[in-house]
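# Commentary on secondary and tertiary structure
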Amino acid sequence: MSHSDFGPATRANVTVAQDLLSSPHLNSGIRKATFRLMPMLIILYFVAFLDRTNVGFAEAAMEVDRGISAGAYALGAGIFFIGYAIFEIPSNLLLDKFGARFWLARIAITWGIVAAAFAFVNGETMFVILRFLLGVTEAGLFPGVIMFLAQWFPNKRRVQMFALFYLAQPFSQMLGAPLSGGLISFGDQVTPWAGWQVMFFVEGMMAVAAGIAAFFFLVDSPQKAKFLNDDEKAALKEVMAHEDSVKESDGPRGIGAALISWKVWYFTAIYFCLQIAVYGTTFYLPQQVSSLIGQSVGWQVGLVSAIPWAVGLFACYYVGKHATTVKRRRTWGALFFLITGLAILVSAWAGANGQGLLGIAAITIAVAAFLSTGPITWSFPTSFLTGAAAAAGIGLINSLGNLGGFVAPIMRTGINDAVPTDSGAWGVVSLGVFAFVAAAMMWATRFFSAKADALLVTDRAPGH
């Protein structure tokens, strides 16, 4: 793609953007912001993802100790996203009002308290209520960080930052799976409490500690960052202001316009399909691995469950670093959705036919693929949303898209009940179908674009 592909006004915007992006002060500012902000954001999402999915390690034990049935577990696993969806947009708007530093810290502390309370679950009702409250208290974390990064980093570098943030997922499962399994084993063998109680309490307190740290480490904007010099602040402010001016001339303005924008709803549908694949895999990963290797959930299952996430970590980072053009983002995004769907189908076949090694390989490929496409998916709405429209639009995409996490476990359980098999293969197959839908929708983005996409071109016009 070159300057000649655009009109005069867009060519001028491209030239200005390239001049701003080539500033050494901007590059040094981005480098400093990356090292200062990203570790804290990764830690926050690490414990968030851990507290969402650690119920998978406690399912069997809670059924024995507290009588929580598979149906109640599926409802509790999914109802998290109802609370999450209801409070997502209000939370994002409050973050826009109070600033990321205060609001993200508040989110982490309150969800950590609720997560720790799972140690005291006494039955199905309390389990379902706490899962709902966990969604309520965590609402706004993920979209708040997406909006925060869109305010700090230009579009050219944004997918790389999204990918770094997404690394919390594989880190959470690489370290969190052995941690959860280890805490269960430690609790059962060393403490007077059940292992699952120890796991919930310790991991909940980790979130509280992370929230307190976030209050001191995060900074609301480049202009308030003491770790940047004046030239770096000016360079970041100028490039982000230029991108915002382009987005304001193209995207919806204000909360109401964002909520009825067809593009916002389009990417909501894509994200919904992604979440069905993601949570359809992650909620049941420990049990799936347990079945494939013939071991009960514990330390060994935790270690094997970490393998897909270790591979996904490298895939996500590589793709995020190199997805710097619209063509790459669209093509790679569609391709990784397609691979996700195929890998989920293969894992279902492997489970039904006792092929443990093939099943783990397929799960590994699925995890690597959906981790890689997540940051790419978010690059599209952040290319045309800004200001209050970004707070509302990003909140809507994440809240309704995450309902895929509510649908996935219930749909999988329902289909397995309707078409029962020893491996539950048909429930897995039903989840893979949505990845194919997302692949087609991602590819179809070639028929529409945002003006800010032009700012991603990499070559210069003759004479420049």
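Residues numbered from 1 in each chain as written. Predicted model: local features only at pLDDT ≥ 70, side-chain atom pairs only at ≥ 80, totals over all residues. Heavy atoms only, no water.

Its place among the elements puts K263 in helix α13 (residues 262–282). For K263 and G393, which are 130 residues apart along the polypeptide, the C-alpha to C-alpha distance reads 9.6 Å. (Helix = DSSP H or I, 4+ residues; strand = E, 2+ residues; numbered from the N terminus.)

To continue, consider the nonpolar core. Side chains that are nonpolar tend, in soluble globular proteins, to be buried together. Ranked by internal contacts, the top residues of the largest apolar core, which has 123 residues, are L104, W111 and W152. Examining the composition of this core, we find that 15 residues originate from one element, helix α2 (residues 24–53), more than from any other. When neighbours within four sequence positions are excluded, L104 is seen to be in contact with L41, L44, L95, G140, L141, V145 and L218. (Core = buried A, V, L, I, M, F, W, Y, C linked by side-chain atoms within 4.5 Å. Buried < 20%, exposed > 50% of the residue type's maximum accessible area, 1.4 Å probe, protein only. Contact = heavy atoms within 4.5 Å.)

Look at α2 against helix α7 (residues 141–152): their axes get within 11 Å of each other, and the N-to-C directions meet at 170°. One element, α2, and the other, α7, form an angle in the roughly antiparallel class. For the pair α2 and α7, the contacting residues are A33, L37, M38, L41, L44, Y45 and A48 in the first and L141, F142, V145, F148, L149 and W152 in the second. Residues that form the contact of α2 with α7 fall into these classes: 13 nonpolar, no polar and no charged. (Axes fitted to C-alpha atoms, helices over the stretch in contact; angles between N-to-C directions. Parallel < 35°, antiparallel > 145°, perpendicular 65-115°, else oblique. Nonpolar A, V, L, I, M, F, W, Y, C, P; charged D, E, K, R; others polar.)

Looking now at the pattern of salt bridges. Working definition: two side chains of opposite charge can pair if their charged atoms are close together. Counted under the stated rule, the structure contains two salt bridges. E232 serves as the salt-bridge partner of K32, at 3.0 Å between the closest nitrogen and oxygen. Pair noted here: K32 is in helix α2 and E232 is in helix α11 (residues 230–248), with a separation of 200 residues, a long-range link. K224 serves as the salt-bridge partner of D220, at 3.9 Å between the closest nitrogen and oxygen. (Salt bridge = Lys/Arg side-chain N within 4 Å of Asp/Glu carboxyl O.)

Running from N to C, helix α4 (residues 70–98) and helix α5 (residues 100–117) point in directions that differ by 140°, and their axes come no closer than 7 Å. Classified by the interaxial angle, the pair formed by α4 and α5 is oblique. Across from S91, L94, L95 and F98 in α4, the residues of α5 making contact are A100, F102, W103, L104, R106 and I107. Looking at side-chain class alone, the contact of α4 with α5 contains eight nonpolar, one polar and one charged residues.

Counted at 1.5 Å a residue, the expected span for α11 with its 19 residues is 27 Å, and the 26 Å between its end C-alpha atoms agrees. Those residues of α11 that fall on the buried side of the exposure criterion are E232, K233, A235, L236, V239, M240, H242, E243, V246 and K247. Of the residues flanking the start of α11, the one acting as N-cap is N229, its side-chain oxygen 3.1 Å from the backbone nitrogen of D231. (Expected span 1.5 Å × (residues − 1). Polar contact = N/O pair within 3.5 Å; in protein donor to acceptor, adjacent residues only side chain to side chain.)

Time to look at the side chain of T364. With respect to the helices and strands, T364 occurs in helix α17 (residues 356–379). The class of T364 is buried, set by a relative accessible area of 10%. Apart from residues no more than four positions distant in its own chain, T364 is found in contact with I307, P308 and V311.

Quick look at the side chain of S91 now. Mapped onto the elements of the fold, S91 is located in helix α4. Residue class for S91 comes out buried when judged on its relative accessible area of 5%. At a separation of 2.8 Å, a polar atom in the side chain of S91 contacts the main-chain carbonyl oxygen of A139. Once residues lying within four places of it in the same chain are set aside, the contact partners of S91 are W103, R106, I107, A139 and G140.

A cluster of nonpolar residues, L94, F98, F102, I212, F215, F216 and F217, forms a patch on the protein surface that exposes about 660 Å² of accessible area. Going through the elements one at a time, α4 and α10 (195–217) are the ones with two or more residues in the nonpolar patch. The element best represented in the nonpolar patch is α10, accounting for four residues. Turning to its location among the elements, F98 is positioned in helix α4. (Patch = residues over 30% accessible without salt bridge, like charges linked within 9 Å, V, L, I, M, F, W, Y side chains within 5 Å. Areas by Shrake-Rupley, 256 points an atom, 1.4 Å probe, with all protein chains shown as cover.)

What follows is about the packing of aromatic side chains. Centre-to-centre distance and the angle between the planes together describe a pair of aromatic rings. As enumerated under the stated definition, the model contains 26 aromatic pairs in all. Pairing Y266 with F267 gives two aromatic rings, centres 5.7 Å apart and planes at 80°, and the pair type is edge-to-face. For the pair Y266 and F267, a shared accessibility class is recorded, and that class is buried. Among the aromatic side chains, those forming a connected cluster through ring pairs are Y45, F49, F142, F165, Y166, Y271, W309, F370 and W378. (Phe/Tyr/Trp six-rings, centres within 6.5 Å; stacked < 30°, edge-to-face > 60°.)

Scored by pLDDT, the protein has a mean of 82; 87% of the residues are at 70 or more. Here helix α1 (residues 8–21) stands out as the least confident element of the protein, with mean pLDDT 60; α5 is the most confident, with 94. Predicted confidence is poor over residues 1–7, with pLDDT under 50, and the contacts of this stretch with residues over four places away or in other chains come to 16 contacts. Considering only residues more than four positions removed or in separate chains, one finds that residues 458–464, a stretch of pLDDT under 50, has 14 contacts. (pLDDT = per-residue confidence, 0-100.)

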